[in-house]
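Listed below, chain by chain, are the residues.
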Amino acid sequence: MGVSFDKIDGAILLNFEIQPSANPTSEKDRAAKLVDPGFGRVFTDHMAVVRYSQAKGWHGARVESRANFQLDPATAVLHYAQEIFEGLKAYKRDDGGVNLFRPDANARRFRNSADRMAMAPLPESVFIEAVEQIVHIDSAWIPGGEGSLYLRPFMIANEVFLGVKPSAEYIFAVIASPVGSYFKGGPAPVSIWVSENYTRAAIGGTGAVKCGGNYAASLRAQAEAIEHGCDQVVFLDAVERRYIEELGGMNIFFVFDDGSLLTPPLGTILPGITRDSIIALAKETGTRVREETYTIDQWRADAASGKLKEAFACGTAAVISPIGKVCSTSGDFLINGGAAGPVAMGLRKKLVDIQYGRAADPHNWIRKVL
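Remember, predicted model here, so these are calculated numbers, not experimental data.

Hey, could you go over the overall build of the protein for me, with residue numbers and the actual values?
Per the secondary structure count, the protein includes 8 helices and 20 strands. Over its C-alpha atoms the protein spans a radius of gyration of 21 Å, differing by no more than 12% from the 21 Å that the globule rule assigns to 370 residues. With respect to the principal axes defined by its C-alpha atoms, the protein has extents near 65 × 50 × 40 Å. In the protein, which comprises 370 residues, the proportion classed as buried is 51%.

This is the structure in structure tokens:
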């Protein structure tokens, strides 16, 4: 089966060649793995792959058996870290169908990340088609209940050279991993460590990009958080070291006694899709949402006075994580007595119900794949 290009309403579409695995996981083994898949450790049978070269553009779109890439030791990504990725989920509805949640937003952010990293922009339609193809062929891997199929699209520079310049060749791929409920027994409040020695991003840097370098740079700070008995790290701005930015892998929100929400403004932080969805859900109920700077000193004072009622982190994996305790070299403090609050839990339920098709979708966020 050949690969061809089509255009519908100006969107570039690749016709994916489907090459099913010759040795798929047996139904028995798959069922055993889905009992408790954890997060990101169990993988499905297939992957989608599209390649890019300056001569051919995007080509060779295939769905094939998940397998290792063969990379030359001088492959650009290994030396200059030209790579980006995304994360989204497929959810099984009660009627047996499958939903994707805002894949267009992931595709758009992926294209923006490519632009910042001087990589070849992938057409958004190709991104979505690749994701859908994996969901179709590996739909049996989607767990029931509160489980989902985590999808990881990524792109790496694969030109073979040693020189500091943008690569002329790229591999885009999508792999999938069944995941269980992030919280067993319900979302538990997390403790976070305020990093004073490390920063995540600076103005003009790659803070708004979903690239591996950002996460690699956060690992030492995350290790410091764990050393202090905390679950996560929260970063301050790189200039004044006062303003709250985001956690190692999640955006953050604050809930006040007047009912308003505050979240740090975009610029040096990741424009989270869960973050954007929470803002939309809050606003439609009349809640005032402020995208404003907020200092660590304000956070401590507002928690002590009772002005701050809740704080929570958000992202694709956990959806919403209540923050119960904040630790730093200046001392620790609790939020809402260390318990999960009603605003965070109410927003989480609204969002999850939309994702699983249990509630109306007024924003047209859901894309039905099956």
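Having seen the structure, we can now continue with the description.
How would you explain the side chain of Ser167 if you had to name every residue and give the values?
Its location among the elements puts Ser167 in the loop between β9 (148-157) and β10 (169-179). Of note is the side chain of Ser167, whose polar atom sits 3.3 Å from the backbone nitrogen of Glu159. Polar side-chain contacts of Ser167 include one of 2.7 Å to the backbone oxygen of Glu169. Setting aside its immediate chain neighbours within four residues, Ser167 contacts Ala76, Gln82, Ala157, Asn158, Glu159 and Phe161.

Now, about the pairing of strand β7 (residues 88-92): what can you tell me, with residues and values included?
Burial runs high along β7: 4 of the 5 residues are buried. Pairing of β7 with β9 involves 3 bridges; the strand directions are antiparallel. Its bridge partner being in β9, Lys89 is matched across the sheet by Tyr150. In terms of strand pairing, β7 meets strand β8 (residues 98-101) through 3 bridges, oriented antiparallel. Counterpart to Lys92 in the pairing with β8 is Val98. Linkage of β7 to β8, two consecutive antiparallel strands, is achieved through a turn of 5 residues, within which Gly96 is found at a positive phi near 95°.

So what's going on with the pairing of strand β11 (residues 190-194)? Residues and values would help.
Of all 5 residues in β11, 5 are buried; the element is thus mostly enclosed. Taken together, the 4 bridges between β11 and strand β18 (residues 319-327) define a ladder with parallel strand orientation. For Ser191, the partnering residue across the bridge sits in β18 and is Lys325. As defined by bridge partners, β11 adjoins strand β12 (residues 232-236) across 3 bridges and the pair is classed as parallel. The partner of Val194 across the bridge, within β12, is Val234. The parallel pair β11 and β12 is bridged by helix α5 (residues 212-227), and the resulting crossover is right-handed.

Give a detailed account of a nonpolar patch on the surface, specifying residues and quantitative values.
On the surface, Tyr80, Leu162 and Val164 cluster together into a nonpolar patch covering about 350 Å² of accessible area. Tracing the backbone shows Leu162 in the loop between β9 and β10.

Any details on the pattern of salt bridges? Residues and values, ideally.
Tallied over the entire structure, the rule returns 16 salt bridges. The closest approach of N and O atoms between Arg367 and Glu132, which form a salt bridge, is 2.4 Å. Of this pair, Arg367 sits in strand β20 (residues 366-368) while Glu132 is found in helix α4 (residues 124-137), placing the two residues 235 residues apart along the sequence. Residue classification places Glu132 among the buried residues on the basis of a relative accessible area of 13%. In this structure, Glu227 and Arg220 form a salt bridge, with 3.5 Å as the shortest nitrogen-oxygen distance. The class of Glu227 is exposed, set by a relative accessible area of 55%. Overall, the relative accessible area of 40% leaves Arg220 in the partly exposed class.

Would you mind going over unusual backbone geometry in detail, with residue names and values included?
The backbone of Ala81 sits at a positive phi, close to 55°, despite the residue not being glycine. If you trace the backbone, Ala81 turns up in the loop between α2 (76-80) and β6 (83-85).

Lay out the side chain of Ser177 in plain terms, naming residues and giving numbers.
As for its position among the elements, Ser177 is in strand β10. Side-chain polar atoms of Ser177 contact the backbone oxygen of Val42, separated by 2.6 Å. Apart from residues no more than four positions distant in its own chain, Ser177 is found in contact with Gly40, Arg41, Val42, Phe43, Ser148, Leu149 and Tyr150.

So, helix α6 (residues 273-283): which residues are in play, and what are the values?
Of all 11 residues that make up α6, 8 are buried, and the element is covered over most of its length. Buried residues of α6: Ile273, Thr274, Arg275, Ser277, Ile278, Ile279, Leu281 and Ala282, and no others.

Residues and numbers for the nonpolar core, please.
Formed by 44 residues in total, the largest nonpolar core has its most connected members in Phe16, Trp58, Ile84, Phe127, Leu151, Met155 and Phe172. For this core, the secondary structure elements donating two or more residues are β4 (46-53), β5 (57-65), β7, β8, α3 (103-116), α4, β9 and β10. Ranked by the residues each element gives to this core, the list is headed by α4, at 7 residues. Membership of the second largest hydrophobic core comes to 24 residues, among which are Phe254, Leu262, Ala303 and Leu308.

Cut-offs used in this document
- Residues numbered from 1 in each chain as written.
- Predicted model: local features only at pLDDT ≥ 70, side-chain atom pairs only at ≥ 80, totals over all residues.
- Heavy atoms only, no water.
- Helix = DSSP H or I, 4+ residues; strand = E, 2+ residues; numbered from the N terminus.
- Rg over C-alpha atoms; globule rule 2.2 N^0.38 Å.
- Buried < 20%, exposed > 50% of the residue type's maximum accessible area, 1.4 Å probe, protein only.
- Polar contact = N/O pair within 3.5 Å; in protein donor to acceptor, adjacent residues only side chain to side chain.
- Contact = heavy atoms within 4.5 Å.
- Pairing = 2+ DSSP bridges.
- Right-handed = clockwise from strand over helix to strand, strands pointing away.
- Patch = residues over 30% accessible without salt bridge, like charges linked within 9 Å, V, L, I, M, F, W, Y side chains within 5 Å.
- Areas by Shrake-Rupley, 256 points an atom, 1.4 Å probe, with all protein chains shown as cover.
- Salt bridge = Lys/Arg side-chain N within 4 Å of Asp/Glu carboxyl O.
- Core = buried A, V, L, I, M, F, W, Y, C linked by side-chain atoms within 4.5 Å.

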